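These are the residues of each chain, in order.
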Amino acid sequence: MPSHSPNVIFGVDIVHGSSRSRETPRYALVILNGEVERFPDISLFKLLRMIRQYRPDILAVDSITELAPNRKELIALLKRLPSDVKLVQVTGNEHQEPLTRLGKEKGIVFNPLIPVEEAFACACLAAMGVGYIVSVFEDKTIIKVSRARSPGRGGWSQNRYRRKVQGKVREKVRDIEAKLKAVDHEASVTQGFGGLVNGTFVVNKKRSELGALIHNSREEDVQVTVTSVEKDTIEFIPLEKKSREHLIVGVDPGTTIGVAVLNLKGELRGLISSRVMSIPDVVEYIREFGKPVIVATDVVPPPDTVEKIKRSFKATLFAPDERISVDEKVRLGRPYGYNNDHERDALSAAVKAFNTYKNKFAQIDRKAPSHLANDVKAMAIGGTAIEAAIGQLTPKQSPKPRASAPAPEPAEGEAGERLAELREQLRKKDEQIENLRSYVSELKRESRDTRQRLEARERKLNSLQQQGLDDLRKSKEITIRDKEIDRLKKEVYDERKRNAELRSNIDRLKQIRVLEFRGDKSPVKIIENLSKDAILACDKKLGLKPGDIVFVRDAGGGPQAASMLIEKGVRVVIRGTFMSHLAEEKFLEAKMPVVSKEDVGLKLVDDFAILDSHKLDAAIERWKQSLAKNEKEKNAEWFNGIIADYKSERRREYRKEQRQSVNQYSDYPDEE
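Here is what the cut-offs are and how they apply
- Residues numbered from 1 in each chain as written.
- Predicted model: local features only at pLDDT ≥ 70, side-chain atom pairs only at ≥ 80, totals over all residues.
- Heavy atoms only, no water.
- Helix = DSSP H or I, 4+ residues; strand = E, 2+ residues; numbered from the N terminus.
- Buried < 20%, exposed > 50% of the residue type's maximum accessible area, 1.4 Å probe, protein only.
- Contact = heavy atoms within 4.5 Å.
- Areas by Shrake-Rupley, 256 points an atom, 1.4 Å probe, with all protein chains shown as cover.
- Core = buried A, V, L, I, M, F, W, Y, C linked by side-chain atoms within 4.5 Å.
- Polar contact = N/O pair within 3.5 Å; in protein donor to acceptor, adjacent residues only side chain to side chain.
- Axes fitted to C-alpha atoms, helices over the stretch in contact; angles between N-to-C directions.
- Parallel < 35°, antiparallel > 145°, perpendicular 65-115°, else oblique.
- Left-handed = near helix turned anticlockwise from the far one by under 90°.
- Nonpolar A, V, L, I, M, F, W, Y, C, P; charged D, E, K, R; others polar.
- Pairing = 2+ DSSP bridges.
- Right-handed = clockwise from strand over helix to strand, strands pointing away.
- Patch = residues over 30% accessible without salt bridge, like charges linked within 9 Å, V, L, I, M, F, W, Y side chains within 5 Å.
- Salt bridge = Lys/Arg side-chain N within 4 Å of Asp/Glu carboxyl O.
- Lys, Arg positive; Asp, Glu negative; His and termini not counted.
- Charge placed at Lys NZ, Arg CZ, Asp CG, Glu CD.
- Phe/Tyr/Trp six-rings, centres within 6.5 Å; stacked < 30°, edge-to-face > 60°.
- pLDDT = per-residue confidence, 0-100.

**A look at the overall build of the protein chain**
Within the protein chain, the regular secondary structure consists of 18 helices and 21 strands. Residue burial in the protein chain is summarised as follows: out of 672 residues, 34% are buried. Considering only contacts in the protein chain between residues 6 or more positions apart, those separated by 24 or more positions represent 61%. By element, 50% of the accessible surface of the protein chain is carried by carbon and sulfur atoms, the whole surface being about 42500 Å².

**Regarding the nonpolar core**
Counting 29 residues, the largest nonpolar core has F10, L29, L47, I51, L59, L74 and L87 as its most contacted members. Secondary structure elements with two or more residues in this core: β1 (9-16), β2 (26-32), α1 (44-54), β4 (58-61), α2 (71-80) and β6 (132-147). The leading source of residues in this core is α1, at 5 residues. Setting aside residues no more than four positions away along its own chain, L74 makes contact with I64, A68, L87, V134, V136 and I234. Formed by 23 residues, the second largest nonpolar core is a distinct cluster that contains L32, L102, F110 and V130.

**A word on the side chain of N263**
Within the fold, N263 resides in strand β12 (residues 257-263). For N263, the side chain forms a polar contact with the side chain of E245, separated by 3.4 Å. Contacts of N263, omitting those with residues within four sequence positions, involve E245, H246, L247 and R269.

**Quick notes on the packing of helix α9 (residues 341-367) against helix α10 (residues 373-381)**
Close contact between α9 and α10 brings their axes to 10 Å; oriented N to C, the two are set at 135°. In terms of orientation, α9 and α10 fall into the oblique class. Relative to α10, α9 is oriented so that their crossing is right-handed. In this structure, α9 uses Y357, K360, F361, I364 and D365 to contact α10, whose residues at the interface are A373, V376, K377, A380 and I381. Residue classes in the contact of α9 with α10 are distributed as 7 nonpolar, no polar and 3 charged.

**Description of the pairing of β4**
A two-sided burial pattern is seen for β4, the buried positions comprising I58 and A60 on one face and L59 and V61 on the other. As paired strands, β4 and strand β5 (residues 86-89) are joined by 4 bridges and run parallel to one another. Its bridge partner being in β5, A60 is matched across the sheet by V88. Assessed by its sense of winding, the connection that carries the chain from β4 through α2 to β5 is right-handed.

**What about unusual backbone geometry?**
Omega for the peptide link from V300 to P301 comes to -5°, which places this bond in the cis form. Secondary-structure assignment places P301 in the loop between β14 (291-296) and α7 (304-313). Of note, the phi angle at K314 is positive, near 55°, even though the residue is not glycine. By secondary structure assignment, the location of K314 is in the loop between α7 and β15 (316-318). Even without being glycine, K591 reaches a positive phi, approximately 55°.

**Re a positive patch on the surface**
On the surface, K647, R651, R655, K656 and R659 cluster together into a positively charged patch. Note that R659 resides in helix α18 (residues 613-665).

**Thoughts on the packing of aromatic side chains**
Throughout the structure, instances matching the rule amount to 4 aromatic pairs. Seen from their ring centres, F354 and F361 are 6.1 Å apart, and the 45° between their planes marks the pair as tilted. For F354, a relative accessible area of 10% corresponds to the buried category. Between Y357 and F361 the ring centres are 6.1 Å apart and the planes differ by 20°, which places this aromatic pair in the stacked class.

**Examining the packing of helix α6 (residues 279-287) against α7**
The geometry of α6 relative to α7 is characterised by a closest axis approach of 10 Å and an angle of 45° between their N-to-C directions. Considered as vectors, α6 and α7 are oriented oblique to each other. Judged by the twist between their axes, the crossing of α6 over α7 is right-handed. Contacts from I279, V282, V283, I286 and R287 in α6 reach T305, K308, I309, S312 and F313 in α7. Tallied by class, residues from the contact of α6 with α7 come to 6 nonpolar, 2 polar and 2 charged.

**Points about the confidence of the model for the protein chain**
Chain-level pLDDT for the protein chain is 81 on average; 86% of the residues reach the 70-or-more range. Overall, residues 1-6 carries pLDDT values under 50, and its contacts beyond four positions in sequence, including any with other chains, amount to 12 contacts. Taken together, the stretch residues 395-413 has pLDDT below 50 and engages in 5 contacts with residues farther than four places along the chain or on a different chain.

**Things to note about a nonpolar patch on the surface**
Together, W638, F639 and I642 line one region of the surface with nonpolar side chains, adding up to about 350 Å² of accessible area. For I642, the position within the fold is in helix α18. Given a relative accessible area of 37%, I642 falls into the partly exposed group.

**Overview of the pairing of strand β11 (residues 246-252)**
Among the 7 residues of β11, 7 are classified as buried, and the element is accordingly described as predominantly covered. Alternating residues of β11 divide into H246, I248, G250 and D252 and L247, V249 and V251, and every residue in both groups is buried. Bridge count between β11 and β14: 5 bridges; the pairing is parallel. Across the sheet, the residue bridging to L247 is P292, located in β14. Pairing of β11 with β12, which is carried by 6 bridges, proceeds in the antiparallel orientation. Bridging from a neighbouring strand, L247 pairs with N263 of β12. In sequence, β11 turns back onto β12 through a hairpin of 4 residues, with G254 there showing a positive phi of about 145°.

**A closer look at the side chain of Q166**
Mapping Q166 onto the fold places it in helix α5 (residues 158-179). Owing to a relative accessible area of 3%, Q166 belongs among the buried residues under this scheme.

**Notes on α10**
Counting buried positions over the 9 residues of α10 gives 7, a clear majority of the element. By the burial criterion, the buried members of α10 are A373, V376, K377, A378, M379, A380 and I381. Among the structural elements, β11, β14, β15, α9 and α11 (386-393) are those in contact with the buried residues of α10. Remark: G383 follows α10 within two positions and exhibits a positive phi of approximately 115°.

**Digging into the sheet that holds β14**
In a beta sheet, neighbouring strands pair by backbone hydrogen bonds and run either parallel or antiparallel. Across the sheet, which stays open at both edges, the 5 strands sit in the order β13-β12-β11-β14-β15 with mixed pairing between neighbours. The outermost strands of the open sheet, each flanked by one partner alone, are β13 (268-274) and β15. Going from strand to strand, the sheet's axes swing by 25° on average, the running direction of each strand aside. Across the sheet, α9 lies against β11, β12, β13, β14 and β15, angled at about 140° from β11, the strand it touches most.

**Re the pattern of salt bridges**
The tally for this structure, following the rule as stated, stands at 33 salt bridges. The salt bridge involving E230 is made with K79; its shortest N-O contact spans 3.3 Å. Of this pair, E230 sits in strand β10 (residues 222-238) while K79 sits in helix α2, and the two are 151 residues apart along the sequence. Two residues, R553 and E528, come together in a salt bridge whose shortest N-O distance is 3.3 Å. In this pair, R553 sits in strand β17 (residues 549-554) while E528 sits in strand β16 (residues 521-529), placing the two residues 25 residues apart along the sequence. According to the relative accessible area criterion, R553 is partly exposed, its value standing at 33%. E528 sits in the partly exposed class, given a relative accessible area of 46%.

This is the structure:
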């Protein structure tokens, strides 16, 4: 069996079933023991067996009703647990909070729909000190020693057997009394034949504190039963008591508010300045550090903002006799350090208040116990005398019943015990009433604080909604402006691109013009192919004018494109490939020279070409000679055609005349 470790924590959540129904409940278990062990579905029997095996320090649940439907069943369950195991309800006492909210506040991420995840959250919260210990037993334990078996009806040796058993009981009672010698307890016994019938001890200690001394046992003739005394009601004891530190707060109100927080030892706990903090935000910021007993300002009279913050905590207001000078503010704030004037003013006010009470604090440190010093200081600031504050905070020693009351008369013993019992019950009721009053006042304070936080959050929400509407309007306007800006950017881009093309064309035209003026080289404008689109593109890019020399890379076009170049009045067409017969005839009809690029020594330079003017003139002259020769040949062919037609006509006429002559002579008779 593993030994008990105070670091072992069990988190339990019900999987299905209910402690109130007939269906046997099943539980999810998570064990925190340096590592995380998960058991998604176990029975109550196995849960109890694992608790006895691991002996955890804490058994954490989100609701004790998941383990037991009522107080009686809960007590029965706790009796089955080891006495040193604490049952903790992490969601609160009688007034529970949602487990999801507690997990969110502590930064625990879990899925509330999965029981093993809820069990993990319960274990983690208990490990952080969140929750209440479920207490059903008093700090008293009853130890009963009795016979382990009945003597029976007996026989001839019955008295001897009874004497033996009851003698064993007496020995066990004496043994237990010796062990409890140093422990506050009360004992009562029942005498028997040759010994004791039973013995009862009421020990003013918890059962868990007696585990090493006395525990349940059963021997052959005697048995020992150890039980805890049940409370009248279930009590919830905080697992970790929250101690709120007493503070001195300095406030510098204004458009930018400054807040400085010191403890009663003069140590800096917090320093902030902000333009957006409201009074509820400042109160919430201060509350995170503790409870202020002094709210200080550096000006006279104190501003309304400081008064409101002071009233929120029911603290004492501190204001100097006269306004603190800037030099003194710097001197007071320099040891702590600050970022701006607002933090300096708030810090100097807090330090000034601390220095005012410094001697009284030192006097309290000498007189009061160290664990009560801060509380005594807080009461002294409120006006209570130091000795009176110490007296109120020091717990009064309750006199022991034996010393405070005389022993009752034998005849009045029962009435005295009843009176003492009633007084004890009355004391408990008074304590419960006082606790409830304190709880009600705490609830009222929490309700007031919650209402203030809600009002502040509503104001902030309204501000955010208005800001959201303003942002929405701005975003629509910005969207419209962005679209207009994009459109204008596109226009600017297109214009810049067009300007760049025009500048490039201008540069090319300048180069062409330079070549034209030089005379030895002639610029040539390039057309990609002999088509309408290519001619129009060249005209747009370089401009085609009468007298230009053009080079057609692909001359395989039609007569319409040739007509366009003829209409432009270009001087000469240089072909890169063979030209179609129809286009060439069109140029010949217009007497426009068409030469090959090899004939003129054409050289390509960037987007235009150059050639030697002399070679061009020679090529044009050859083209003209070829044209003249072709025309001469065409004229000769035409003249020969006319002569041939004339000869053919004359032959037809001659043959016709011959036929007519033959017919004429055939009309005369032949001579015999």
